[in-house]
Amino acid sequence: MSIVEIKNLNKGYPAFNLKEVSFGINEGEITGFIGRNGAGKTTAIKSMLNLIHPDSGDIRYFGKPLAENETEIKKSIGYSTGSIAWYPRKTIKDIVEVVKKFYDTWDDDAYIRYLKMFGLDENKKALELSEGMKVKCNLLLALSHNAKVLILDEPTSGLDPFSRDELLELFIRLKKEGVAFFFSTHIISDIEKCADNIVYISKGEIISELPKEEFIQRFSEKGESLEDAILRMEREASNG
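On a predicted model such as this, the values are computed, not experimentally measured, just so you know.

Asker: So, the overall build of the chain: which residues are in play, and what are the values?
Answerer: Within the chain one finds nine helices and 10 strands. For the chain, whose C-alpha radius of gyration is 18 Å, the value lies close to the compact-globule estimate of 18 Å for 240 residues. Each principal axis of the C-alpha distribution contributes one length, and for the chain these read about 55 × 40 × 35 Å. With 240 residues in all, the chain has 48% of them scored as buried. Across the chain, every contact between residues at least 6 apart in sequence was considered, and the portion connecting residues at least 24 apart equals 69%. Roughly 11900 Å² of accessible area belongs to the chain as shown, and the carbon and sulfur atoms make up 48% of that amount. Positive and negative side-chain charges in the chain, numbering 33 and 39 respectively, have mean positions lying 3 Å apart.

As structure tokens, this is what we get:
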């Protein structure tokens, strides 16, 4: 069941156009949003969150249009990027005390549960956290206000392989609790490890939206990995 529906999303810039982008995000599933740098992933995500204003299109969460219900809907959404900047000398506890004031859905019991699950020390300052811990802290903030959808733009960017694997295992664990994940990446191996579905974008257009196994069957040639298939498709698109 799609709890997020994007239909015919368009956004134009002088040198780039997002064209008729449509896809869905399902409850309790991980959807990987893949494409090369500059393909339109971040533009699509920012449009989905109304951080930039699309020229046209319909964006719905839980069956409700974002435009008319933005404040309510955003209480159930968590957003994170791979590059996170906080007040470096504030502790996690200090940051939480500020953030929780913005959400009447904040759940202290959930906060304690995820703090333990992620292995975070709330007395640590932001400058003392590794890049992987910063991503986990952003997830902590989102999940503690009962976010049902996590929209993540390159969340594993800059992480070492061990931290990336740890984070992907966390995604798999949380989806079993019904959380929907939509994350963009150009690291195809991350998609292979954890995604249920793949949305593939190239030059501002959705090329395919399929379950991962069906995507592999349809687009991979004999002996190709998913990464090999994507690289070949991108070369063909560039040459075309």
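Asker: Go over the nonpolar core with me, naming the residues and quoting the values.
Answerer: Core analysis: the largest hydrophobic core is formed by 46 residues, its most contacted members being Phe-118, Leu-150 and Phe-171. Ranked by residue count, the leading element in this core is helix H5 (residues 131–143), at seven residues. Formed by 26 residues, the second largest nonpolar core is a distinct cluster that contains Ile-3, Phe-23, Leu-49 and Ile-151.

Asker: If you had to explain the sheet that holds strand S3 (residues 30–34) to someone new, which residues and values would you point to?
Answerer: Judged by pairing direction, the sheet is mixed, and its six strands sit side by side in the order S6-S7-S8-S3-S9-S10 without closing on themselves. Single-partner strands in this sheet number two, and they are strand S6 (77–81) and strand S10 (205–211). Along the sheet, successive strands turn relative to each other by an average axial angle of 15°, direction set aside. Two strands pair when backbone bridges link them, and strand S9 (residues 197–202) and S10 are joined in this way by six bridges, in the antiparallel orientation. Each residue of the ladder has a partner; that of Ser-202, found in S10, is Glu-205. Sheet contacts for helix H8 (residues 212–219): S9 and S10; angle to S10, the most-contacted strand, approximately 115°.

Asker: Requested: an account of the sheet that holds strand S5 (residues 64–65), with residues and values cited.
Answerer: Read across the sheet, four strands follow the order S2-S1-S4-S5 without closing on themselves; strand pairing throughout is antiparallel. The strands lining the two open edges of the sheet, one partner per strand, are strand S2 (16–26) and S5.

Asker: Give a description of the packing of aromatic side chains that names residues and reports values.
Answerer: The geometry of an aromatic ring pair is captured by two quantities: the separation of the ring centres and the angle between the planes. Going through the model one piece at a time under the given rule, you end up with nine aromatic pairs. Seen in terms of ring centroids, Phe-33 and Phe-182 are 5.0 Å apart; in terms of plane orientation they differ by 35°. Their pairing is tilted. With a gap of 149 residues between them, Phe-33 in strand S3 and Phe-182 in strand S8 (residues 180–185) connect regions that are remote in the sequence. When the ring centre of Tyr-114 is taken as reference, the NZ or CZ atom of Arg-113 above it lies at 5.0 Å.

Asker: Please set out the packing of H8 against helix H9 (residues 226–239) residue by residue, giving values where relevant.
Answerer: Following both chains from N to C, one finds H8 and H9 inclined at 55°, their axes separated by 10 Å at the closest point. One way to sum up the angle between H8 and H9 is to call them oblique. Helix-helix and strand crossings are classified by hand; for H8 and H9 the assignment is left-handed. Only Leu-226, Ala-229, Ile-230, Arg-232 and Met-233 of H9 make contact with H8, whose side of the interface consists of Phe-215, Ile-216 and Phe-219. A class-by-class count of the residues in the contact of H8 with H9 yields seven nonpolar, no polar and one charged.

Asker: For the side chain of Lys-41, give the residues involved together with the corresponding values.
Answerer: By the secondary structure assignment, Lys-41 is in helix H1 (residues 41–48). The charged side chain of Lys-41 is buried without a salt bridge, its nearest counter-charge being Glu-154 at 4.0 Å. There is a polar contact of 2.7 Å between the side chain of Lys-41 and the backbone oxygen of Gly-35. In contact with Lys-41, other than residues within four places in its own chain, are Phe-33, Ile-34, Gly-35, Arg-36, Glu-154, Ser-184, Thr-185 and Ile-201.

Rules of the game
Residues numbered from 1 in each chain as written. Predicted model: local features only at pLDDT ≥ 70, side-chain atom pairs only at ≥ 80, totals over all residues. Heavy atoms only, no water. Helix = DSSP H or I, 4+ residues; strand = E, 2+ residues; numbered from the N terminus. Rg over C-alpha atoms; globule rule 2.2 N^0.38 Å. Buried < 20%, exposed > 50% of the residue type's maximum accessible area, 1.4 Å probe, protein only. Contact = heavy atoms within 4.5 Å. Areas by Shrake-Rupley, 256 points an atom, 1.4 Å probe, with all protein chains shown as cover. Lys, Arg positive; Asp, Glu negative; His and termini not counted. Charge placed at Lys NZ, Arg CZ, Asp CG, Glu CD. Core = buried A, V, L, I, M, F, W, Y, C linked by side-chain atoms within 4.5 Å. Pairing = 2+ DSSP bridges. Axes fitted to C-alpha atoms, helices over the stretch in contact; angles between N-to-C directions. Phe/Tyr/Trp six-rings, centres within 6.5 Å; stacked < 30°, edge-to-face > 60°. Lys NZ or Arg CZ within 6 Å of the ring centre and 35° of its normal. Parallel < 35°, antiparallel > 145°, perpendicular 65-115°, else oblique. Left-handed = near helix turned anticlockwise from the far one by under 90°. Nonpolar A, V, L, I, M, F, W, Y, C, P; charged D, E, K, R; others polar. Salt bridge = Lys/Arg side-chain N within 4 Å of Asp/Glu carboxyl O. Polar contact = N/O pair within 3.5 Å; in protein donor to acceptor, adjacent residues only side chain to side chain.

Any functional reading would require information beyond the geometric quantities listed.
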